[in-house]
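# Residue-level structure breakdown
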Amino acid sequence: MSGIVKLKPGREKSVLQKHPWIFSGAIASAEGCENGEVVDVLSFRGKWLARGSYNEKSQITVRILTWNQEETIDIDFWVDGIKRAFSTREHLWLSDETQAFRVVHAESDYLPGLVVDVYGRWLVVQFLTAGVEKFREEILKALQEVFPGIKGIVDRSDVAVRKKEGLGLRKEIAAGEAPPPLLEFTENGHAFLADLMNGQKTGFYLDQRDNRAIVGNYASGMRVLNAFSYTGAFAVYALKNGAEFVTNLDSVQGALDLAKKNLEVNGFGALDFEMVRGDAFEVLREFLKEGRTFDMVILDPPKFATNQRNLRPATRGYKDINMLGMKLLRPGGLLATFSCSGLVSPDLFQKIVFGAAVDAGRDAQIIEKMSQGCDHPIALTFPQGAYLKGFLLKVW
């Protein structure tokens, strides 16, 4: 028999509207509930509302898996859920142009805490919550059933968010063969190398695929500064679309080394790009002092706002880096700027960039608005799934 979570009076509205999270403050009582186990959620008056995974160590105490009282959380549940998620990406699976994309996007695919990315013949999976950790073996079996042709599954459950769930970190081959140290795959017809075992996220920033194509389309003939360049994906798209020269800037030498390999595998050499290692805030100020200018500046920083406490300093960071980027642009140049902080809404980000333009003494027009790709969907019942936002600006 599963545990029972009873809500406080009047706290069932979000559950009825199919939001997948129940916070600890909404719970009146929890009986027979074990961390990671499946529980039934009842209204204060005892009406059955939903079924989900429980974890008292997390502020999000229940993550809802189903609103169907007849549905059992077993391997068939995970098989059906993964198939449903895959159905919206099948057009990517059938394309030779793109071999890497997200297959399961956690709450936004109605499978809270589960992330699955595909890279050619390998899957990379992340178990982010106690609920999916409890069903790890069933989920791995379900993935092998849905994707029988894969060579292996890499478990990259080595992300800090697991600590909030009371879980340790794990990085291992969960099934099949280990991938090569650098796995080559294509994205929109371009070749890339990814380190699935040690790279950021699951090895590559898959959510920027569509935005790389948008920004690249404007790069012809331009001298480009690619700040926070990581492994150089924006640089590849820019040069493939006829950019004159790209300066890649990152603070991590290993990222720059892999960026160089990504550029070389696409046929570019020392006459096409340079690598600069350093803190972006400091290097951009040095470039200003040197009088350097660019036709296009790309700013794709890491998540500055990780919680509400650091939202204010995060907004200052975004404003500062965008001001510097605008000052480095020649009149009529382009700024591609992004935020992957979910706590920073598109409206707030636009206000931040506006403030940066004022401080830089520049006029700017939005010519493209950007978001995460179609393989990172946003469930209407889960607006928190919208985290990536970006603008392409004409700066005068």
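Refer to the structure printed above.
Let me begin by describing the structure that accompanies this report. (Residues numbered from 1 in each chain as written. Predicted model: local features only at pLDDT ≥ 70, side-chain atom pairs only at ≥ 80, totals over all residues. Heavy atoms only, no water.)

## Considerations on the pairing of strand E17 (residues 294-299)
Across a regular strand the side chains alternate sides, sitting on one face of the sheet and then on the other. The following threshold applies: Exposure is judged per residue with a 1.4 Å probe applied to protein chains only, and the accessible area is read against the type maximum: over 50% gives exposed, under 20% gives buried, and values in between give partly exposed. Counting from the N terminus, the helices are DSSP H or I runs at least four residues long and the strands are E runs at least two residues long. Any two strands with at least two DSSP bridges between them are considered paired. When the strands point away from the viewer and the connection leading from the first strand across the helix to the second strand turns clockwise, the crossover is called right-handed.
For E17, the tally of buried residues reaches 6 of 6 residues, placing the bulk of the element in the interior. Judged from the 4 bridges that link them, strand E14 (residues 223-227) and E17 form a sheet pairing that is parallel. Bridged to Ala227 within E17 is Leu299. Where E17 meets strand E18 (residues 329-339), 5 bridges bridge the pair, whose relative direction is parallel. Counterpart to Leu299 in the pairing with E18 is Thr337. Crossover handedness for the path E17 to helix H11 (residues 311-327) to E18: right-handed.

## Focus on the sheet that holds strand E3 (residues 27-31)
The following threshold applies: Convention adopted: a line fitted to C-alpha atoms gives each axis, helices being fitted over their contacting stretch, and angles between N-to-C directions are expressed from 0 to 180 degrees.
Spatial strand order, E2-E6-E5-E4-E1-E3: 6 strands in an open sheet with mixed pairing. At either margin of the open sheet sits one strand with a lone partner, and together these are strand E2 (21-23) and E3. With strand direction ignored, the average angle separating the axes of adjacent strands in the sheet is 35°. Judged from the 3 bridges that link them, E2 and strand E6 (residues 60-66) form a sheet pairing that is antiparallel. Bridge pairing links Ile22 to Val62 in E6.

## Overview of a negative patch on the surface
Note the following rule: Only residues whose relative accessible area exceeds 30% and that form no salt bridge enter a patch; like-charged residues are grouped when within 9 Å of one another, and nonpolar side chains (Val, Leu, Ile, Met, Phe, Trp, Tyr) when within 5 Å. The Shrake-Rupley method, run with a 1.4 Å probe, gives the accessible areas here. Residue values count only the displayed protein chains as cover. Salt bridge, as applied in this entry: a Lys or Arg side-chain nitrogen positioned within 4 Å of an Asp or Glu carboxyl oxygen. For the purpose of counting charges, residues Lys and Arg are taken to be positive, whereas Asp and Glu are taken to be negative. His and the chain ends are not included. To locate a charge, take atom NZ for lysine, CZ for arginine, CG for aspartate or CD for glutamate.
Among the surface-exposed residues, Asp279, Glu282, Glu286 and Glu290 lie close enough to one another that they form a single negatively charged patch. For Glu282, the location among the structural elements is in helix H10 (residues 280-290). Look at Glu282 and you get exposed, because its relative accessible area is 51%.

## Describing the packing of aromatic side chains
The condition is simple: Planes of paired rings set the category: under 30 degrees apart is stacked, over 60 is edge-to-face and the rest tilted, where pairs are Phe, Tyr or Trp rings (Trp by its six-membered ring) whose centres lie within 6.5 Å. By the criterion adopted, a ring carries a charge over it if an Arg CZ or a Lys NZ lies within 6 Å of its centre and within 35 degrees of its normal.
As enumerated under the stated definition, the model contains 19 aromatic pairs in all. An angle of 50° between the planes, with centres 5.6 Å apart, marks the rings of Trp78 and Phe135 as tilted. Taken as a pair, Trp78 in helix H2 (residues 75-87) and Phe135 in the loop between helix H4 (130-134) and helix H5 (136-146) lie far apart in primary sequence, 57 residues in all. Geometrically, the ring pair formed by Phe349 and Phe391 is stacked, given 5.6 Å between the ring centres and 10° between the ring planes. Within this pair, whereas Phe349 is found in helix H12 (residues 346-360), its partner Phe391 is found in strand E20 (residues 389-395), the two being separated by 42 residues in sequence. Comparing Phe349 with Phe391, the two get one shared label, buried. Cluster of aromatic residues (ring-pair linked, three or more members): Tyr119, Phe185, Phe192, Phe204 and Tyr237. Its end group placed over the ring of Phe287, Arg292 keeps NZ or CZ at 4.4 Å from the ring centre.

## A short note on the packing of H2 against H5
For clarity, the cut-off: Under this scheme an angle from 65 to 115 degrees is roughly perpendicular, one under 35 degrees roughly parallel, and one over 145 degrees roughly antiparallel; angles in between are oblique. In this scheme, a crossing is called left-handed if the near helix is turned counterclockwise away from the far one by less than a right angle; it is called right-handed if the turn is clockwise. In this description, contact between two residues means that some pair of their heavy atoms is separated by no more than 4.5 Å.
Two elements in contact, H2 and H5, have axes separated by 9 Å at closest approach and are oriented at 50°. Viewed along their axes, H2 and H5 adopt a mutual orientation that is oblique. You can see that H2 and H5 cross each other, and the crossing is right-handed. Together, Ile75, Trp78, Val79, Ile82 and Lys83 of H2 and Glu138, Ile139, Lys141, Ala142, Leu143, Glu145 and Val146 of H5 make up the contact between the two elements.

## Focus on the layout of surface pockets
Stated formally: Cavities and pockets are defined on a 1 Å grid built over the protein atoms alone: a cavity is a set of grid points where a 1.4 Å probe fits but cannot escape, while a pocket is an open set with protein on both sides within 12 Å along at least five of seven lines, and lining residues are those with an atom within 4 Å of any such point. Grid points are joined across faces, edges and corners, and a volume is the space filled by probe spheres set on the points. Three classes are used: nonpolar for Ala, Val, Leu, Ile, Met, Phe, Trp, Tyr, Cys and Pro, charged for Asp, Glu, Lys and Arg, and polar for all others, with Gly counted as polar.
Reported here for the second largest pocket is a volume of approximately 300 Å³. Along the wall of the second largest pocket there are 14 residues; nearest its centre are Leu65, Glu71, Phe77, Arg84 and Tyr110. When grouped by side-chain class, the residues that make up the lining of the second largest pocket number 5 nonpolar, 4 polar and 5 charged.

## Topic: the environment of Phe287
With respect to the helices and strands, Phe287 occurs in helix H10. Distance in space between the C-alpha atoms of Phe287 and Leu328 is 7.6 Å, their sequence separation being 41 residues. If near-sequence neighbours (up to four positions away) are discounted, Phe287 is found in contact with Leu225, Thr247, Arg292, Phe294 and Leu328.

## Here's the deal with the nonpolar core
Threshold: In these notes, a set of buried Ala, Val, Leu, Ile, Met, Phe, Trp, Tyr and Cys residues joined through side-chain atoms within 4.5 Å is what counts as a nonpolar core.
Counting residues in each nonpolar core, the largest one holds 35 residues, and the members touching the most others are Tyr119, Phe204, Val215, Val224 and Met296. Listing elements by their share of this core, those giving two or more residues are strand E9 (122-127), strand E12 (183-187), strand E13 (190-194), helix H8 (233-240), E17 and E18. At 7 residues, H8 tops the list of elements feeding residues into this core. Leu284, Ala305, Leu311 and Met323 belong to the second-largest nonpolar core, a separate cluster that totals 34 residues.

## Description of unusual backbone geometry
Positive phi outside glycine occurs at Asn188, with the angle close to 50°. Overall, Asn188 belongs to the partly exposed group, its relative accessible area being 30%. Even without being a glycine, Lys201 presents a positive backbone phi close to 55°.

## Here's the deal with helix H7 (residues 209-216)
Note the cut-off: The directions considered for the arc are those from the helix axis to the C-beta atoms.
For H7, the set of buried residues is Arg209, Asn211, Arg212, Val215 and Gly216. Here the buried residues of H7 occupy an arc of 165° about the axis, which is enough to place them on one side.

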